[in-house]
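# Overview (structure and organization)
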Amino acid sequence: MSRAEAPTAPAGTGTVRRAGPLWTLGLFRSELVTTFRRWRTLALLAVLAAVPVLIGIAIRIETGDGSAAGGGGGEGPAFISQITNNGLFLVFTALAATLPFFLPMAIGVVAGDAIAGEANAGTLRYLLVAPAGRTRLLVTKYAAVLTFCLAATLVVAVSALATGALLFPLGELTTISGTRIGLAEGFGRALLIALAVAASLIGVAALGLFVSTLTNSGIAAMATTVGLLISVQILDQIPQLHALQPYFFSHYWLSFADLMREPVYWDDLVRNLELQALYAAVFGSAAWARFTAKDITA
């Protein structure tokens, strides 16, 4: 079933057929196909996949003379000094490097274009043909953005794992606490960290979707979302705003590093999930209130 197709009632009956679960799944599948077929989406994923490769090559060149990564002074993202000993640490380093900007920017672009892009292209009216409904469409759009969050994070993780395995040895890992864990458990920790990073983007996705309901210009929605993202991260670095910073959606993003402790520190991880859920609830509700009352003219 194409995006513009929807079962409607026969003319003159005065009734509207309700959409069933299979129709909703078809709408979601169609939304995913449309999202991941866009050249913009593919370009974003390609850039995300290239970041771990560039980091790995740079570290390989830097340590070619036997020196430690980062010069031994602690420079660079977390775990960077341990990559030469174990390529699995490139996964953690790449996620730490992409989470502050590259990953949320990609999510902001996709989420900001979700509704506004359809309105700008003139296809939004067709997507609202009965029995889709505005609420159903909005939820489907958000689900597609969340799927992209997971896909984008996994692209970074898989690219980093492949690069790390090719350029550096793999073996037992030393946690932040100083204990050693096996390679199999290290893979498990890497997967948990990737899921934690993907969950950290839930708030950005809801914010971008809300901004997307405010305008009919996809470019304006994307630019506004990315601008808000950068602004919040700048504010999160100002010491005078320490009382407000725990409420910024980016404040606990790097808490995923606690998954590499033994035992795992869950406090900041749980706070991050709670904060993302709060942003999703607030901006998701705002997006629903705006979208259900919006006059659709395109």
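Residues numbered from 1 in each chain as written. Predicted model: local features only at pLDDT ≥ 70, side-chain atom pairs only at ≥ 80, totals over all residues. Heavy atoms only, no water.

## A word on the packing of helix 6 (residues 134-167) against helix 8 (residues 202-212)
Across the interface, helix 6 lies against helix 8 with an axial gap of 10 Å and an inter-helix angle of 140°. With respect to helix 8, the element helix 6 is oriented oblique. The two elements helix 6 and helix 8 meet at a crossing, and its hand is right-handed. In this structure, helix 6 uses Leu138, Lys141, Tyr142, Val145, Leu146 and Cys149 to contact helix 8, whose residues at the interface are Ile202, Ala205, Ala206 and Leu209. Grouping the constituent residues of the contact of helix 6 with helix 8 by class yields nine nonpolar, no polar and one charged. (Axes fitted to C-alpha atoms, helices over the stretch in contact; angles between N-to-C directions. Helix = DSSP H or I, 4+ residues; strand = E, 2+ residues; numbered from the N terminus. Parallel < 35°, antiparallel > 145°, perpendicular 65-115°, else oblique. Left-handed = near helix turned anticlockwise from the far one by under 90°. Contact = heavy atoms within 4.5 Å. Nonpolar A, V, L, I, M, F, W, Y, C, P; charged D, E, K, R; others polar.)

## Regarding the nonpolar core
Residues Val91, Phe92, Leu95, Ile107, Ile193, Phe249 and Phe256 are the most contacted members of the largest nonpolar core, which totals 73 residues. Of all the secondary-structure elements, those providing two or more residues to this core are helix 2 (39-62), helix 3 (89-98), helix 4 (102-121), helix 6, helix 7 (183-199), helix 8, helix 9 (218-235) and helix 10 (267-293). (Core = buried A, V, L, I, M, F, W, Y, C linked by side-chain atoms within 4.5 Å. Buried < 20%, exposed > 50% of the residue type's maximum accessible area, 1.4 Å probe, protein only.)

## Focus: the packing of helix 2 against helix 3
Look at helix 2 against helix 3: their axes get within 10 Å of each other, and the N-to-C directions meet at 120°. With respect to helix 3, the element helix 2 is oriented oblique. Helix 2 and helix 3 meet at a crossing whose hand is right-handed. Of the residues in helix 3, those in contact with Val51, Pro52, Ile55 and Gly56 of helix 2 are Leu90, Thr93, Ala94, Ala97 and Thr98. Residue composition of the contact of helix 2 with helix 3, grouped by class: six nonpolar, three polar and no charged.

## A short note on unusual backbone geometry
A cis amide bond, omega 5°, links Glu262 with the succeeding residue Pro263. With respect to the secondary-structure elements, Pro263 resides in the loop between helix 9 and helix 10.

## Describing a nonpolar patch on the surface
Side chains of Val47, Phe101, Phe102, Ile230, Ile234, Leu235 and Ile238 sit close together on the surface and give an oily, nonpolar patch of about 530 Å² of accessible area. When residues in the nonpolar patch are grouped by element, the largest group, three residues, is from helix 9. Relative to the assigned elements, Ile230 resides in helix 9. (Patch = residues over 30% accessible without salt bridge, like charges linked within 9 Å, V, L, I, M, F, W, Y side chains within 5 Å. Areas by Shrake-Rupley, 256 points an atom, 1.4 Å probe, with all protein chains shown as cover. Salt bridge = Lys/Arg side-chain N within 4 Å of Asp/Glu carboxyl O.)

## Some points on the environment of Phe148
Within the fold, Phe148 resides in helix 6. A relative accessible area of 0% means that Phe148 is categorised as buried. Here the alpha-carbon distance between Phe148 and Ala111, two residues 37 residues apart in the chain, equals 9.4 Å. In this structure, Phe148 is in contact with Phe36, Thr41, Leu45, Ala106, Ile107 and Val110, ignoring residues within four places of it in sequence.

## A closer look at the pattern of salt bridges
With the rule as written, the count across this model stands at seven salt bridges. Glu172 serves as the salt-bridge partner of Arg180, at 3.1 Å between the closest nitrogen and oxygen. Looking at Glu172, the relative accessible area reads 49%, which means it is partly exposed. Asp258 is the partner of Arg261 in a salt bridge, and the nearest nitrogen-oxygen pair spans 2.8 Å. Judged by its relative accessible area of 10%, Asp258 falls in the buried class.

Interpretation note: all reported values are geometric properties and have no functional meaning in isolation.
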